[in-house]
Structure formats: C-alpha cells, structure tokens
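Notes for the structure review
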There are 2 protein chains.
Amino acid sequence: MSSSRAVARLSRVAGHLAASSKPISRPSSSSSSSATAKMTATTRKHKVAIIGSGNWGSAIAKILAENTTQHGDVFESEVRMWVFEEDYQLPSSHPSYSPAEHSSPRKLSELVNQLHENVKYLPGVPLPPNLVADPSIVSAVKDASLLIFNVPHQFVSKICDQIDGKILPYARAISCIKGVDVSPEGISLFSDVIGRKLGIYCGALSGANIATEVALEKFSETTIAYDPPGTLTPVPEELPVINHDLWKKLFHRPYFHVSMIHDVAGTSLGGALKNVVALAAGFVDGMGWGDNAKAAVMRVGILEMRKFGLMFFDSCKSETFTEESCGVADLITSCAGGRNHRCAKLSVEQKRPIEEIEGEVLNGQKLQGTLTAKEVNEFLKARGKENDFPLMTVVYKILMGEANVEDIPSVI
Amino acid sequence: MSSSRAVARLSRVAGHLAASSKPISRPSSSSSSSATAKMTATTRKHKVAIIGSGNWGSAIAKILAENTTQHGDVFESEVRMWVFEEDYQLPSSHPSYSPAEHSSPRKLSELVNQLHENVKYLPGVPLPPNLVADPSIVSAVKDASLLIFNVPHQFVSKICDQIDGKILPYARAISCIKGVDVSPEGISLFSDVIGRKLGIYCGALSGANIATEVALEKFSETTIAYDPPGTLTPVPEELPVINHDLWKKLFHRPYFHVSMIHDVAGTSLGGALKNVVALAAGFVDGMGWGDNAKAAVMRVGILEMRKFGLMFFDSCKSETFTEESCGVADLITSCAGGRNHRCAKLSVEQKRPIEEIEGEVLNGQKLQGTLTAKEVNEFLKARGKENDFPLMTVVYKILMGEANVEDIPSVI
C-alpha cells in the first residue's frame, strides 16, 4: 500500500474505530420488506436535527421536514435546525413586513420561526412549520438520532467540538458538505472528520444539486453513500433500523430523487474534483473551441476523477464516477454554468488572471476549483503522480502561468 | 437467447460470414512494436478511398488526406473521394471566382479538384491537394484496400450494390455513418450492412464530432471500433497489417484524437440513441427546470442507452457508453445544443408540436431523434420491453401526445 493510500485510508478507518465494538444484533438486511417488518415492532421514532442553515442547509432542511411529516411512522415530525445566530433587518418590501415588529433588526432564528422562511439565506421559499430554528447547537442536537451536517468546511471541526459528548451515542449522521479536504499529507473526507470527532458513523450526500433549484422544487437527483461498520454503538431496538431504506425515506422527494450507495469516498471526491474539470471546460469555452472540445474535456475529466478515487481509496467504485449523480451528473451541471466554469471562461475571453475575475464576479469569495486544483497538485506532487493526471495537472499549471490553455488538447 | 437478441445478432454474424473462411496468417497482435516490425518488411502501401463527400464526409476526407501524406510509409498519398456529381454555380463572392471559368454552373467534382475546397458542402475549408474528387464510384474505390463510408443512411444499400465485386476482396472498411437502422424486426448496424453486402469487414467511427468544428480543426475526440473475425480474405503480406495501430495512423490528428475499441455495436448505438435523450434534455430545458434536472435526464439517458446495448447485443461493453467519446461525450455535445435538443426546447417554450418547429428550423428536413424514438419504441414494444426503458418510452409518448413533459421526473 502506498503511503498516500495509507493516509487516505487511515482517516476512514479512524472514523470507524471511534465507536463501541459491541456487535450489532439488528438484522443487516436493507430490503424494504424486512425493514418494514422490523419497524412495525418499534415503539419510538427517530428525531432529526440539521446542523447548518445556509442556502443549501435550508433547502435540505425543507426536504427533511417535509418527509418527517409524510413518514410519521418512523420520524418525529419536528426537525430542529441549528441557526448561527445573527441580527437581520427584514426589508420593508418583504410581504410579511410589519412596522411594529420589523422596524429594527431581529434575531434570524426568531424570524425563521415566525415567518417560516430563512429570510436571509433562502428568501422567498416557504419552509414547513415543523422545521424549528434553534440558535443553540447543543439544544438543536439533543435527543436527535439522525444528524445532518451542512456547514461551511472551515467550521466542521469546531462545531464537532461543541457537540462532542452532547449527542446520542448511537446517533448516525449524513454530511451534505461538498468536497474533501486535500493537503500534501492526505485527503480527509468531512464525513470521516465528523465520525471520528463524535465517535459515530457519518455518510455523505452529494449530487447535481444547485441549492436554489432544489429549494424551488425543480427536479433533481442526489447520491447518498452510507456504509457503516459493524462496530458502532447499537441503535436501541425500540427505534426503526437505520439503513438505506430509512435514509431514502428521509431525503427522497418527488422532486429530489435519492440513489443510495456504499461508496462514501467516491461520493465526496466527485464534489471536489469536478470543480477542477469545470475550470478546464471554462478555459475551452473561453477559447471558443466548441462543443466537441468541451465534451472531450468533460469525458477525460470524469476518467481522471475516477482514476484518482481508485488510486487513493480502496473503497472507491468506478461506477460512482461514471454512473451516479455525484459523479457524471454533478460534473455536467458544474460545466454547464457553475461559477468555476464561468470565471475560467471570462478569464480566457478577457485575457485577465482568474483571480481578478473571481474578485469581481464572486464579490470577494474564493473559487473552490482554483483552491482544489492547487491542493490536488500538492498532493499528487508529494507522491510523484502528477503525470498520471495530465488534465488536472495542466489546469494547475495554467493557473500558475506555467502552461497555456492551448496545451490542453495535447494532454488529453 | 431472446428473439430480439437473435435478430440483432443475426445481422452481425451475417456480416462476418460473407467472407472467405481461410485462416489469417498474419499476427493478431496490435502492439505498436510488432506492427512496426511487420511494416518494415512490406513492399506495398495502402490506398484509401472515401465514399461520400457531404459535410461530414469532406471533413473526414481532409483528415485522411492529411494523414496519408504524413504517414507515407504505409499509405499511398492520393486519397480518392467519391463525389455524387451535380452542377454547382460558384458564387461570385468566392475568392477564387473568375468570370471566365465560373460564370455558369460547373461539375462539383471539377470545382473540388480545381479549388481544393468542397465549395457546396464544406465551403471555406481548404482541402489537401492529394485529395482527389472522383464522380465515378467504381473508379474511386478501384485498388483501395481501405474504404471509408460516409453517405446518408438511405443510400448505403444502393451504393454497396454499385461497387459489389469491384473492390479488392481483402479490403477493410470503416463506416462513419451515424446511428443504426431500427425496425420492429431488429436493429441493423450500417457497418454490418456494408460488410455483408460487400463480403468484407467494416468497423465504425462515432464520437462527439460536430462536422464543422472538426473541419475547422477545433479539438475533438472520436471512437473507432474495429473487431474483425478470423475468417476474412487475408490481406496480402506485402501490405502493412491492418490493425488498430494502422487505423489510428489514418484517422488520428493533433486536433482529432482517436480511441480504438472493439465494440462496434455500442459505438454505433450511441450515435442513434443519444438523439432520443437529447429530445428529453430539450424538453426539460424548455420547461426551465434548470441544470440539475437536465443533468439527471442525461445521466439516466446514458444508463438506458447502455441497458439497450447490453440487452440486445452480446458484444456490447458497458464502458463504451459511460467512458468513450461515442457514448457520454457525444451525448453531452448533443444535449448542449444539437438540433434535436433545440427543436424540443422550442416546442415546449412555444407550446407547439415539434413537427411544426422542425419544419421551420430544419428547412423541411426531419429530426433524427423523433424518428429514432418511434423506431426504438416499435422495437421495444414488439419485445414487451417498453417498461425497461422508461425515459425513452416517455419521450415517445410525449411525441405522440400520450404523455406530458411533466411526467419525466416520475420515470427517472
């Protein structure tokens, strides 16, 4: 085993070890009929908490709250959503604005609970009344057996510290945080960081999911990867079994179709590496090379993403990249007009550095793709594997001024 | 073996049987080193003929003629291109127009040879001078050991009749004709029709290849499938071995990258079935459902295309659809703005039948996708397999007025 693979593996294994070694007595079958048979014997229901309330967090929270109502046999209706508390001035143009109540800034959590709308991060989208905003993260996760994480990358570690020891020991989690944390030393999946820090198991959700489209109930698909080891603190028998069927019940909507798989690493990698490919597609579009060239770059991009997964993660499956929403479909969406694609295209068209473009277009935010391209390059360079990933490497070199966009065809 | 599979197979097997059963003495290895060693012992070169001179035919002919010059060790420089003779009036705006020569219509073949440009079907693109237009199909294919077919579907059979018995018995062919011929009785690959009618073997070329982009040397990729049986009339030993390396030499350009595979059926099917998926993507775009929904339709489309191939052709490979230019990349290009996508989108936006739209947009031509959707449905219905292909079936039903675009999410 190469050292890089060892590092990547270590992180995953650690997540599994931080749990009781007591064997699980519940049946492992995830077939619909056996799960239903089991559930009818249960006397308690799962309580759901979502940690994070941004644009994507609120869109997912809406889905969760819709489904806990619909599937009242297995879920408590109330879903708690942790809101990072801040003051917010409701604009007077808001349909629910009242001078008596909203003339001065109010707590965001209060506004969410009063108006059933995340007026700051998902304005205009009605949220179900059983979704309750909670400014206390400890209170939000109390008694929740199902935890959904949806916070910015940089807060994952600190948030886990805040709730460590304050969650149910048999809780199970899903991370909706896009991407992975890449450094020269190795790759961390956010689901593994969460699992390791909290001593529970955490799966991952990723797909072709532009948050606002999902919030507006425009049809989309997603991939949820969940593959817990057999060494976790068992879920009490009074609770419905937590398996693929249960997660699907919690996330699947008529407008949000869920595919359940086991490959957590592949699901997480897709969301990170597609941004590098989207830069390449943007460069090509900026050159005006046409649809043939763009499709070629995307095809080669999928294959390099898969190669990366298979080289550095034992558990990765080829089809996660070529067949799932978190792979090929997310790449298609990102290359159609995502921010990485857009900025790269403008950079070529205007013959200006991409940093200048991102400063203007993203209002000071950083492009995920340029960061990932650099991180991935450092990771590959440390292992002598740059030449195995010519497309990702040329994107990095173009960003660094060491190669030209004209070099792309020669490497694919 | 199901009857449908049997029919599909029959057509392929027939193509192989129509050849000598004498075993082939040449080595079957296609490795670069052994091929080179073999070639140095040869005393003759391959002569190349292209049958067809439309937009795509001329673009491919340009590539062939560039490569016969570059690889003069294995190919005769002159490439003959059969031109369906017609009179053409060169516009006075053409840079080479001379009142003395071009004041009245001239034979198209003469203009091509004089101006080194297919002034009617690929105007503005210089063709290599070693590409010779020939209005006689029999003369064009004479002594050619490598035949490239690039004619409209409906002429394949008649053209084969015209040259049957007039080609070298050991000739090998590649069909660049997109798609397949589907009827309730079965599926014919054009490569098989050609092979069977002429008693030779014919492979297939398909990919994300918009002809004008290729002609303008905008970068693209293609897939060539070539998998001859061991029962053909042997190629004389004086000629270089005809294997994957040789075909790659003939087709690969810095702006046109070739991937060689063995799956002829998958390569041919991709070019036909993607048009049905492109209609679905166009419907979704017409509804304004966004990039998530479109990516979902494309993802499910690739999987249904693959399922179709694997169900009805023993030789089909999964990765032809998910990894090759003729699969996923061609689908991406077609859904980005091909004519099927465009007409379907306009049809939904303007709430008018697609037949009206195609009449206006295509100047009386027929959309390939709507024909294929109907043919595929008849084929599937005859085998009771409609429900196994819900996306292709709903596209057919929408075209027939038996379903609505709103039904698409429920079937994927």
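Going by the annotation in an unreviewed UniProt entry, the name recorded for chain A is Glycerol-3-phosphate dehydrogenase [NAD(+)], with Dactylellina haptotyla given as the source organism. According to its UniProt record, chain A has this under Catalytic activity (unreviewed entry): "sn-glycerol 3-phosphate + NAD(+) = dihydroxyacetone phosphate + NADH + H(+)". Its UniProt record gives chain A a comment under Sequence similarities (unreviewed entry), which states: "Belongs to the NAD-dependent glycerol-3-phosphate dehydrogenase family."

**With respect to the packing of aromatic side chains**
Residues and elements named next belong to chain A. Overall, the coordinates contain 18 aromatic pairs over all chains when judged by the stated rule. Seen in terms of ring centroids, phenylalanine 308 and phenylalanine 312 are 4.9 Å apart; in terms of plane orientation they differ by 65°. Their pairing is edge-to-face. Residue phenylalanine 308 and its partner phenylalanine 312 are both found in helix H12 (residues 291-312); the two are separated by four residues, about one turn of the helix. Ring centres of phenylalanine 308 and phenylalanine 389 lie 5.7 Å apart, and the angle between their planes is 65°; this geometry places the pair in the edge-to-face category. Of this pair, phenylalanine 308 sits in helix H12 while phenylalanine 389 is found in the loop between helix H17 (368-382) and helix H18 (390-400), placing the two residues 81 residues apart along the sequence. Each member of the pair, phenylalanine 308 together with phenylalanine 389, is buried. One aromatic cluster in this structure is built from Tyr201, Tyr226, Trp247 and Phe251. Over the ring of phenylalanine 389 we find lysine 307, and its NZ or CZ is 5.5 Å from the ring centre.

**Let's talk about the UniProt feature "domain: Glycerol-3-phosphate dehydrogenase NAD-dependent N-terminal" (unreviewed entry) in chain A**
This chain's UniProt record puts "domain: Glycerol-3-phosphate dehydrogenase NAD-dependent N-terminal" (unreviewed entry) on residues 47-227 of chain A. Within the segment residues 47-227 of chain A, helix and strand shares are 30% and 27% respectively, and the terminal C-alpha atoms sit 21 Å apart.

**Section: the interface of chain A and chain B**
Listed by partner, the interface residues are 35 residues for chain A and 35 residues for chain B. Carbon and sulfur atoms supply 56% of the area that chain A and chain B bury against each other, a total of about 3,000 Å² over both sides. Counting the contacts that link chain A with chain B gives four salt bridges. Put simply, B:Arg299 and A:Glu221 hold a salt bridge, and the shortest N to O gap is 2.7 Å. Counting across the interface, chain A meets chain B through 20 residue pairs in polar contact (both at pLDDT 80 or more). At the level of elements, helix H9 (211-215), strand E11 (220-225), H12, helix H13 (318-323) and helix H14 (325-337) of chain A are the ones that each hand at least two residues to the side of chain A that touches chain B.

**Remarks on the environment of A:Glu217**
Residue and element names in this part refer to chain A. Within the secondary structure layout, glutamate 217 lies in the loop between H9 and E11. A C-alpha to C-alpha distance of 9.1 Å links glutamate 217 and arginine 253, two positions 36 residues apart in sequence. Once you skip the residues sitting within four places of it in the chain, glutamate 217 turns out to touch Lys62, Glu66 and Tyr255.

**What about the packing of helix H11 (residues 264-287) of chain B against helix H12 (residues 291-312) of chain B?**
All names here are of chain B. Orientation of H11 relative to H12, taken along the N-to-C sense of each, is 155°, at an axis distance of 9 Å. As summarised for this structure, H11 and H12 are arranged roughly antiparallel, according to the angle between their axes. Considering how the two elements wind past one another, H11 and H12 form a crossing that is right-handed. The residues of H12 that touch H11, namely those facing Leu269, Gly270, Leu273, Lys274, Val277, Ala280, Ala281, Val284 and Asp285, are Ala293, Lys294, Val297, Met298, Gly301, Met305, Phe308 and Gly309. Its residues assigned to classes, the contact of H11 with H12 comprises eleven nonpolar, three polar and three charged.

**Looking at unusual backbone geometry**
Glycine aside, residues mostly have negative phi angles, and peptide bonds mostly take the trans form. Of note, A:Lys351 is a non-glycine position whose phi angle comes to about 50°, a positive value. Phi at B:Glu217 takes a positive value of approximately 60°, unusual for a residue other than glycine. The exposure class of B:Glu217 is partly exposed, given its relative accessible area of 41%.

**Quick notes on the relation of the copies chain A and chain B**
Copies of the same chain, two in number, are related to each other by a rotation about an axis and a translation along it. Expressed as a screw operation, the relation of chain A to chain B combines 0.0 Å of axial shift with a rotation of 180°, fitting to an RMSD of 0.0 Å. In the structure described here, the two chain copies are related by an operation that fits a two-fold rotation axis. Ranked by how close their C-alpha atoms come to the rotation axis, the residues of chain A are headed by A:Thr322, at 2.9 Å. An overlap of 100% is found between the interface residues of chain A and their copies at the interface of chain B, pointing to a shared contact surface.

**A few points about the sheet that holds strand E5 (residues 131-134) of chain B**
All names here are of chain B. Pairing is mixed across the open sheet formed by eight strands, whose spatial order is E5-E2-E1-E6-E7-E10-E11-E12. Looking at the sheet topology across the chains shown, the edges are occupied by E5 and strand E12 (256-261). Direction aside, neighbouring strands of the sheet carry axes that sit 25° apart on average. As paired strands, strand E7 (residues 172-175) and strand E10 (residues 201-206) are joined by four bridges and run parallel to one another. Residue pairing across strands places serine 175 opposite alanine 204, the latter belonging to E10.

What counts, and where the lines are drawn
Residues numbered from 1 in each chain as written. Chains lettered and ligands numbered in written order. Predicted model: local features only at pLDDT ≥ 70, side-chain atom pairs only at ≥ 80, totals over all residues. Heavy atoms only, no water. UniProt positions renumbered as here; feature names shortened; annotations may be inferred. Phe/Tyr/Trp six-rings, centres within 6.5 Å; stacked < 30°, edge-to-face > 60°. Helix = DSSP H or I, 4+ residues; strand = E, 2+ residues; numbered from the N terminus. Buried < 20%, exposed > 50% of the residue type's maximum accessible area, 1.4 Å probe, protein only. Lys NZ or Arg CZ within 6 Å of the ring centre and 35° of its normal. Contact = heavy atoms within 4.5 Å. Buried area = accessible area lost by both parts, 1.4 Å probe. Salt bridge = Lys/Arg side-chain N within 4 Å of Asp/Glu carboxyl O. Polar contact = N/O pair within 3.5 Å; in protein donor to acceptor, adjacent residues only side chain to side chain. Axes fitted to C-alpha atoms, helices over the stretch in contact; angles between N-to-C directions. Parallel < 35°, antiparallel > 145°, perpendicular 65-115°, else oblique. Left-handed = near helix turned anticlockwise from the far one by under 90°. Nonpolar A, V, L, I, M, F, W, Y, C, P; charged D, E, K, R; others polar. Least-squares fit on C-alpha atoms with pLDDT ≥ 70 in both. Pairing = 2+ DSSP bridges.

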